[in-house]
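Remarks on the overall topology
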Amino acid sequence: EWYPDHKPLQYPKAFVKWVDSINNGWRNMLAYEKFELWEMQALYWLDEKEDIYDYHDEEDQQDYINQESYRCRENSLYFCNKYGQLKEGDTEGGGLKYEAWKAQKIVLFLFDCGYNLMIGKPRQIGFTSTLGLASIKRINFNPSYFVKFITHTKDKGEEIYRDKIRWAFGMLPDWFRQTVYNDSHSQISLLDRSVK
């Protein structure tokens, strides 16, 4: 019910008013039903608190994997808040559980709707980490899906890839993550890109 049902570039007035209200500050943000439905969907699923280890039968575990694959493809907020990890500092093993803030939720919603985004990005809002996790979701659950990002220097690009893409992808549960066949300092390629 939340997915856009309008023709390309023919945005509903309610959507345009919502975006304009955000641009005028959080205190002025209007309600937008489709965003609220999308957010409620993720929060409802997250409240279930179930895990694959709650199931001991192989068939039940596969049903759980199928359910999680569907939910993650459907809703990036669900994927990011349930499976997202952020690398903490320079430590190899340390990480923080991702939890989207309001601005990140809006970006994920627009991402899930398939809108093109042009955003003036201030520093330290987790934008790169958020879109990195959303990109990981897309490459893990969609066959023949490619992500490319551009940075101002090669070194910065490799650092972002290493810390925000490759590391976070490696933190996905083994039962959930597609098989990697090429893992280098600048790219990761998956062997089986079919949806589990």
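Residues numbered from 1 in each chain as written. Predicted model: local features only at pLDDT ≥ 70, side-chain atom pairs only at ≥ 80, totals over all residues. Heavy atoms only, no water.

1. Some remarks on the layout of surface pockets
Which entries qualify depends on this criterion: Buriedness for pockets is judged along seven lines, at least five of which must meet protein on both sides within 12 Å for an open set on the 1 Å grid over protein atoms alone, while cavities are sets there where a 1.4 Å probe fits but cannot get out, and lining residues have an atom within 4 Å of a point. Grid points are joined across faces, edges and corners, and a volume is the space filled by probe spheres set on the points. We count a stretch as a helix when DSSP gives it H or I for four or more residues in a row; a strand needs E for two or more, and each element gets its number in order from the N terminus. Gly counts as polar in this scheme, as do all residues outside two lists: the nonpolar Ala, Val, Leu, Ile, Met, Phe, Trp, Tyr, Cys and Pro, and the charged Asp, Glu, Lys and Arg.
Size it by volume and the largest pocket reaches roughly 1400 Å³. For the largest pocket, the lining is made up of 47 residues, of which Phe-127, Thr-128, Ser-129, Ile-160 and Lys-164 are closest to its centre. Looking at the lining of the largest pocket, the elements that each hand over two or more residues are strand E1 (85–87), strand E2 (95–97), helix H5 (102–113), helix H6 (127–141) and helix H7 (154–170). In terms of residue class, the lining of the largest pocket is built from 21 nonpolar, 14 polar and 12 charged. In this structure, the second largest pocket is lined by 29 residues; those nearest its centre are Val-19, Ile-106, Leu-110, Leu-117 and Ile-119. Listed by contribution, the elements that provide at least two residues to the lining of the second largest pocket are helix H1 (13–23) and H5. Among the elements that line the lining of the second largest pocket, the one with the most residues is H5, at six residues. Class assignment of the residues belonging to the lining of the second largest pocket gives a composition of 22 nonpolar, seven polar and no charged.

2. Observations concerning helix H2 (residues 33–46)
Quick note on the threshold: Between the first and last residue of a helix there are one fewer steps than residues, each counted as 1.5 Å, and that sum is the expected span. Relative accessible area decides the class of each residue, using a 1.4 Å probe on protein chains only: under 20% of the type maximum gives buried, over 50% gives exposed, and in between gives partly exposed. Comment: arc refers to directions from the helix axis out to C-beta atoms.
Across its 14 residues, H2 extends 20 Å between first and last C-alpha, which sits within 8% of the 20 Å expected from 1.5 Å per residue. Taken as a whole, H2 has its buried residues at Lys-34, Phe-35, Trp-38, Glu-39, Gln-41, Ala-42, Trp-45 and Leu-46. The buried residues of H2 occupy an angular sector of 150° when projected down its axis, which confines them to one face. In H2, the exposed residues that point more than 90 degrees away from the buried face are Glu-33, Met-40 and Tyr-44.

3. Things to note about the packing of aromatic side chains
Aromatic ring pairs: the centre-centre distance and the angle between the two ring planes describe each pair. The criterion, for reference: When the centres of two rings from Phe, Tyr and Trp lie within 6.5 Å, Trp using its six-membered ring, the rings pair. Their planes under 30 degrees apart give stacked, over 60 give edge-to-face, and anything left gives tilted. Criterion for a charge above a ring: Lys NZ or Arg CZ within 6 Å of the ring centre, and within 35 degrees of the ring normal.
Enumeration over the complete set of coordinates arrives at 24 aromatic pairs. Centroid distance Trp-18 to Tyr-32: 5.1 Å. Interplanar angle 20°. Geometry classified as stacked. Of this pair, Trp-18 sits in helix H1 while Tyr-32 sits in the loop between H1 and H2, placing them 14 residues apart in sequence. We note that Trp-18, like Tyr-32, is buried. Between Tyr-55 and Tyr-64 the ring centres are 5.6 Å apart and the planes differ by 35°, which places this aromatic pair in the tilted class. Every member of this aromatic cluster is reached through a ring pair, and the members are Trp-2, Tyr-3, Tyr-11, Phe-15, Trp-18, Tyr-32, Phe-35, Trp-38, Phe-109 and Tyr-115. Of note, Arg-138 hangs over the ring of Phe-111, and the distance from its end group to the ring centre comes to 3.9 Å.

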